[in-house]
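# Examining the three-dimensional arrangement
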Amino acid sequence: MAEYKLYCFAQSGNAYRAALMLNLIGADWEPVWVDFFGKREQLTPEYRSAVNEMGEVPVLKHGAKTLTQSGVILTYLSELTGKFHPQTEDERLEALRWIIFDNQKVNGFLGPFRFLNFIANPRGNQAVLDFLKGRIDNALGILDKRLAKSTFVVGDHPTIADISLVAYMYYPPEEFGFDIAKTYPHIAAWLERMKALPGWGHPYDLMPGHPLPGR
Ligand SMILES: N[C@@H](CCC(=O)N[C@@H](CS)C(=O)NCC(=O)O)C(=O)O
């Protein structure tokens, strides 16, 4: 039995943060597939009582611990292993600042946009998509500017802030209908730097459930 179990599914950029971290630190881990779109397991009383009261993915099980919220999972793993850990108190706060910004405004908007654009059937309401796209453009512009002056989000070494922020950015551009790497050169170069880290894997390779039935 693997040391870590990650409840996840291939289409989840939120879960990818945890899957990528586990792979990058060389952890002994295995995915537990959550049938998010078919049986919608996350909505069931069983899931909410036994796995995650918030009804969300990802969930990490490690020994007696059950952790949810990717930012918490990343923090736990970096504190446990010392890997991708911010090196000073200032860096720790800076990483937390970017993780919160990411959860709310970067991938916090990219995830729902991609869901409404590519996964939802029928496709989402155009006015909602337009609103989200405006928020995404703002957030990605801010991140691109940051990465113009910094190799990684917090200085010259990768931390959990970088692992959080890549969440949805390796999924195919067709799923969004726009190409992040083509529009934001500094994000594009940073995505390549992250991809070059030993243990990097694509979300569709690290987590089960791709492709979706009928796609
Ligand atoms: N802030 C959370 C977001 C988790 C999240 O929203 N996951 C999606 C799947 S990609 C989910 O479970 N959504 C269910 C819902 O919003 O009810 C994290 O980073 O772990």
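Residues numbered from 1 in each chain as written. Predicted model: local features only at pLDDT ≥ 70, side-chain atom pairs only at ≥ 80, totals over all residues.

With that out of the way, let us pick up the site of the ligand. As a structural note, the neighbourhood of the ligand is formed by S12, N14, Q42, G55, E56, V57, P58, Q69, S70, N103 and G111. Per-class residue counts for the shell around the ligand are two nonpolar, eight polar and one charged. (Near = placed C-beta within 6 Å. Nonpolar A, V, L, I, M, F, W, Y, C, P; charged D, E, K, R; others polar.)

What the four strands build is an open sheet, ordered β2-β1-β3-β4; its pairing is mixed. Across the chains shown, the open sheet's two edge strands, defined by having one partner strand only, are β2 (29-33) and β4 (65-68). With direction set aside, neighbouring strand axes in the sheet form an average angle of 20°. When strand β1 (residues 4-8) meets β2, the two strands line up parallel, connected through five bridges. Paired with L6 across the strands is P31, a residue of β2. Sheet strands in contact with helix α1 (residues 13-24) are β1, β2 and β3 (59-62), and its direction is about 155° off that of β1. (Pairing = 2+ DSSP bridges. Helix = DSSP H or I, 4+ residues; strand = E, 2+ residues; numbered from the N terminus. Axes fitted to C-alpha atoms, helices over the stretch in contact; angles between N-to-C directions. Contact = placed C-beta atoms within 7 Å.)

Within helix α5 (residues 107-119), burial applies to N107, F109, L110, F113 and R114. Considered in projection along α5, the buried side chains sweep an arc of 150° and stay on one side of the axis. Those residues of α5 hidden inside the fold are in contact with α1, α4 (89-105) and α6 (126-148). (Buried ≥ 20, exposed ≤ 12 C-beta atoms within 10 Å, placed from the backbone. Arc of directions from axis to C-beta.)

Turning our attention to the environment of P185. Looking at where P185 falls in the secondary structure, it is placed in helix α9 (residues 185-195). The class of P185 is exposed, set by 12 C-beta atoms lying within 10 Å. When the C-alpha atoms of P185 and L147 are compared, they prove to be 9.2 Å apart, with 38 residues separating the residues in sequence.

So, about the domain arrangement of the protein chain. As a measure of interface size, the accessible area lost when the parts come together is often cited. Parsing the protein chain into structural domains produces domain 1 (4-83 + 200-206) and domain 2 (89-195). Relative placement of domain 1 and domain 2: their C-alpha centres are 19 Å apart. Taken residue by residue, the interface counts 15 residues in domain 1 and 14 residues in domain 2. At the level of secondary structure, the elements contributing two or more residues to the side of domain 1 that touches domain 2 comprise α1 and α3 (70-81). By residue number, the principal contributor to the side of domain 1 that touches domain 2 is α1, which donates six residues. Across the side of domain 1 that touches domain 2, the residue classes tally to six nonpolar, eight polar and one charged. (Domains from an automatic or database assignment.)

A separate point is the pairing of β1. One crossover worth recording links β1 to the parallel β2 by way of α1, and it is right-handed. With four bridges connecting them, β1 and β3 associate as antiparallel partners. Paired with L6 across the two strands is L60, which belongs to β3. (Right-handed = clockwise from strand over helix to strand, strands pointing away.)

This paragraph deals with the packing of α5 against α6. Their axes nearest at 9 Å, the elements α5 and α6 cross at an angle of 145°. Where α5 crosses over α6, the two elements pack in a sense that is left-handed. Facing α5, whose interface residues are F109, L110, P112, F113, L116 and N117, α6 presents V128, L129, L132, K133, R135, I136 and A139. Of the residues in the contact of α5 with α6, the class split is 10 nonpolar, one polar and two charged. (Left-handed = near helix turned anticlockwise from the far one by under 90°.)

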